[in-house]
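Descriptive structure summary
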Amino acid sequence: MNAPTSHAQLLPEVRQQEIPPALLQALQARFGARLSTALAVREQHGRDESPFAVPPPGAVLFAESTAEVAEALRLCNEHRTPVIPYGAGSSIEGHLLAVRGGLSIDVNRMNRVLAVDADDLTVTVQPGVTRKQLNEAIRDTGLFFPIDPGADASIGGMSATRASGTNAVRYGTMRENVLALEVVTASGEVIRTGTRAKKSSAGYDLTRLFVGSEGTLGLITEITLRVYPLPEAISAAVCSFPTIADAVQTTIETIQLGVPIARVELIDANSVRVVNAHSKLSLREEPMLLMEFHGSPAGVKEQAETVQEIASGHGGKAFEWATTPEERTRLWTARHNAYFAAVQSRPGCRSITTDTCVPISRLADCLLESVAEADASGIPYFLVGHVGDGNFHFGYLVDPASEDERARAEALNERLIARALAMGGTCTGEHGIGLHKMHFLEAEAGPGAVAMMRTIKRALDPNDILNPGKIFTV
């Protein structure tokens with residue numbers, strides 16, 4: 001796990017409150033041993049993959065049903081006590097940190113696949129189901145769920161953070177793939193949004209309101225998702241390039257030509273080098289694209305030939321193809337291990353990890369200017385990107401004891417976000433706002449939009465108990 005450091009420069013003031021004894025007694029009476037105040041359990045639920053160190057929550061509840069979540073929220077609302085939802089703990093921007101103290105509600109025991117409607121291409125799951133668990137459960141139906149953020153994240157957490165990942169260029173993000181939700185509000189009321197129908201014009205789109213709300217408007221207890229037929233044929237490839245510019249230009253031309261590529265991922269030479277060392281591989285230590293094509297055998301062959309021709313025009317070489325699941329897994333090892341390989345490459349470091357997304361036409365400009373700044377800074381870094389949709393990630397590897405390195409890394413992040421916004425992009429393509437990017441939200445959305453978000457928050461959570469201190473302060 002990412003090594004923590006002081007949050008003083010990065011976070012708003014931490015104002016934790018103790019859980020009132022009366023509330024703690026009521027929760028213990030109702031949930032018994034499934035309510036824990038043990039320090040080890042609280043510390044586990046007070047850390048994510050962000051670099052921030054915040055004291056843990058006051059207690060952890062292991063919920064097993066929607067009714068239990070509702071009862072806990074009613075009690076916490078009566079006592080004005082914060083509640084933080086907890087899934088797989090893989091968030092990067094401090095989403096689950098207890099900056100106001102309170103109760104962490106762990107939904108990992110709510111991990112059932114409730115319904116598989118193969119004829120309608122939908123499934124309904126509880127929030128603790130992980131993406132790998134879901135795909136294992138529906139594999140025999142010939143269907144799959146394509147959203148892959150890298151980590152084996154929970155579906156509830158992926159919905160709450162509007163996650164995407166490597167397949168987003170073809171299949172979209174959680175925003176496009178969540179059809180309906182069951183949500184428990186701050187007052188403990190259980191509501192349902194959306195249906196299994198593919199579209200609706202009925203009233204406000206409450207499903208989209210909760211998708212991406214990062215646990216600040218309600219606690220998601222059930223999710224209905226789109227799923228897709230497994231492709232008849234899948235082919236994957238890696239290709240090395242002389243420069244990042246060549247790799248990015250290949251991506252841009254592929255997308256603009258309309259090739260329905262399923263995945264196109266960039267990893268820079270730094271990432272390839274650390275992955276080689278970590279996983280005992282021998283990949284060419286140059287910028288690399290990892291690509292995957294889905295469809296019929298003839299369609300996949302045509303897509304692959306088109307992209308190979310584009311890549312060759314930009315110096316692409318050393319194409320390596322894979323069609324079996326085992327071969328594809330081997331090729332994708334470099335991408336999936338990049339984060340942990342990078343962190344382990346500098347023992348004791350922390351990664352200040354950030355992401356942004358820009359229109360595909362501005363990808364080369366934004367990415368190359370950011371790479372030049374990172375190179376000039378002298379700070380070790382790694383770069384990976386879902387470049388097919390204009391999204392990329394930097395991880396700046398800093399010494400937790402060095403104030404200078406932390407300051408320089410944050411300055412790089414500030415300039416990266418400012419550059420992306422100036423090019424019509426966003427401060428976060430998929431990580432979410434959480435704690436780290438709160439001060440960028442108003443710059444992107446504008447004060448009027450943020451004021452409206454605060455109005456919605458106050459209306460749905462008047463006592464500010466739901467994951468308080470995230471996205472913006474109320």
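Residues numbered from 1 in each chain as written. Predicted model: local features only at pLDDT ≥ 70, side-chain atom pairs only at ≥ 80, totals over all residues. Heavy atoms only, no water.

The subject of this paragraph is the overall build of the protein. Assigned secondary structure in the protein consists of 17 helices and 18 strands. Over its C-alpha atoms the protein spans a radius of gyration of 22 Å, differing by no more than 12% from the 23 Å that the globule rule assigns to 474 residues. Its C-alpha atoms put the protein at 70 × 55 × 45 Å along the principal axes. In the protein, which comprises 474 residues, the proportion classed as buried is 56%. With the model as given, the accessible surface of the protein reaches about 18,600 Å², and the carbon-plus-sulfur share is 52%. Distance between charge centroids for the protein: 3 Å, based on 43 positive and 55 negative side chains. (Helix = DSSP H or I, 4+ residues; strand = E, 2+ residues; numbered from the N terminus. Rg over C-alpha atoms; globule rule 2.2 N^0.38 Å. Buried < 20%, exposed > 50% of the residue type's maximum accessible area, 1.4 Å probe, protein only. Areas by Shrake-Rupley, 256 points an atom, 1.4 Å probe, with all protein chains shown as cover. Lys, Arg positive; Asp, Glu negative; His and termini not counted. Charge placed at Lys NZ, Arg CZ, Asp CG, Glu CD.)

Before going further, it helps to examine the environment of Thr-195. Within the secondary structure, Thr-195 is located in the loop between strand S9 (190–194) and helix H8 (206–210). Placed 133 residues apart in sequence, Thr-195 and Arg-328 show a C-alpha to C-alpha distance of 36 Å. Within the structure, Thr-195 has its side chain in polar contact with the backbone nitrogen of Ala-197 (distance 3.1 Å). (Polar contact = N/O pair within 3.5 Å; in protein donor to acceptor, adjacent residues only side chain to side chain.)

To continue, consider the sheet that holds strand S4 (residues 103–106). With mixed pairing, four strands are arranged side by side in an open sheet as S1-S2-S4-S3. A single partner strand is all that each edge strand has here, and the edge strands are strand S1 (35–36) and strand S3 (83–86). For S3 and S4, the ladder comprises four bridges, and the chain directions are parallel. By the bridge assignment for S4, Tyr-86 is matched with Asp-106. Where helix H3 (residues 66–78) meets the sheet, it contacts strand S2 (59–62), S3 and S4, and its direction lies at approximately 170° from that of S4. (Pairing = 2+ DSSP bridges. Contact = heavy atoms within 4.5 Å. Axes fitted to C-alpha atoms, helices over the stretch in contact; angles between N-to-C directions.)

Moving on: the confidence of the model for the protein. Taken as a whole, the protein shows an average pLDDT of 93; of its residues, 97% reach a score of 70 or greater. For residues 3–9, every residue scores under 50 in pLDDT, and the model assigns this stretch 22 contacts once sequence neighbours within four places are set aside. (pLDDT = per-residue confidence, 0-100.)

Following the sequence through the fold, Pro-82 ends up in the loop between H3 and S3. Between the alpha carbons of Pro-82 and Val-248 there is a distance of 44 Å; along the sequence they are 166 residues apart. For Pro-82, the residues in contact, after removing those within four places along its chain, are Gln-17, Arg-100, Gly-101, Gly-102, Leu-103, Ile-465 and Pro-468.

Here the focus is a nonpolar patch on the surface. A cluster of nonpolar side chains, contributed by Met-452, Ile-456 and Leu-460, occupies part of the molecular surface with about 260 Å² of accessible area. Mapped onto the secondary structure, Ile-456 falls in helix H17 (residues 447–460). For Ile-456, a relative accessible area of 31% puts it in the partly exposed group. (Patch = residues over 30% accessible without salt bridge, like charges linked within 9 Å, V, L, I, M, F, W, Y side chains within 5 Å. Salt bridge = Lys/Arg side-chain N within 4 Å of Asp/Glu carboxyl O.)

Another point: helix H11 (residues 297–312). Given a rise of 1.5 Å per residue, 16 residues ought to cover 22 Å, and the 22 Å separating the end C-alpha atoms of H11 matches this to within 8%. Looking only at H11, the buried set comprises Gly-299, Val-300, Gln-303, Ala-304, Val-307, Ile-310 and Ala-311. Taken end-on, H11 shows its buried residues confined to a sector of 125°, consistent with a single buried face. Those residues of H11 that are exposed and angled more than 90 degrees off the buried face are Ala-298, Lys-301, Glu-302 and Glu-309. (Expected span 1.5 Å × (residues − 1). Arc of directions from axis to C-beta.)

Moving on, we get to the sheet that holds strand S8 (residues 178–184). Pairing in this open sheet of five strands is antiparallel, and the strands run S5-S6-S10-S8-S9 from one edge to the other. Each edge of the open sheet is held by one strand with a lone partner, namely strand S5 (113–117) and S9. Geometrically, the sheet is characterised by an average inter-axis angle of 10° between neighbouring strands, direction not taken into account. Sheet strands in contact with H3 are S8, S9 and strand S10 (219–226), and its direction is about 50° off that of S8.

Attention now goes to the pairing of strand S12 (residues 233–240). Most of S12 sits out of view: seven of its eight residues are buried. Strand direction decides the pairing type here: S12 and strand S15 (residues 317–322), joined by four bridges, are antiparallel. Across the sheet, the residue bridging to Ser-240 is Lys-317, located in S15.

Locating Tyr-396 in the fold gives a position in strand S18 (residues 391–398). When the C-alpha positions of Tyr-396 and Phe-31 are compared, they lie 42 Å apart, and in sequence the two are 365 residues distant.

Below, the discussion takes up the nonpolar core. Counting 41 residues, the largest nonpolar core has Leu-266, Met-291, Leu-367, Leu-383, Phe-394 and Tyr-396 as its most contacted members. The element contributing the most residues to this core is helix H14 (residues 363–377), with six residues. Among all residues touching Leu-383, those that are not within four sequence positions of it are Ile-244, Leu-266, Ile-267, Asp-268, Ser-271, Leu-367, Val-371, Phe-392, His-393 and Phe-394. (Core = buried A, V, L, I, M, F, W, Y, C linked by side-chain atoms within 4.5 Å.)

With that settled, the discussion passes to the side chain of Lys-470. Take Lys-470: it is sitting in the segment after H17. Summary of buried charges: Lys-470 has no salt-bridge partner, and the nearest side chain of opposite charge, Asp-48, is 7.4 Å away. Within polar-contact distance, the side chain of Lys-470 engages the backbone oxygen of His-95 at 2.7 Å. There is a polar contact of 2.7 Å between the side chain of Lys-470 and the backbone oxygen of Leu-97. If we ignore the near neighbours within four places in the chain, the residues touching Lys-470 are Gly-94, His-95, Leu-96, Leu-97, Val-99, Thr-216, Gly-434 and Leu-435.

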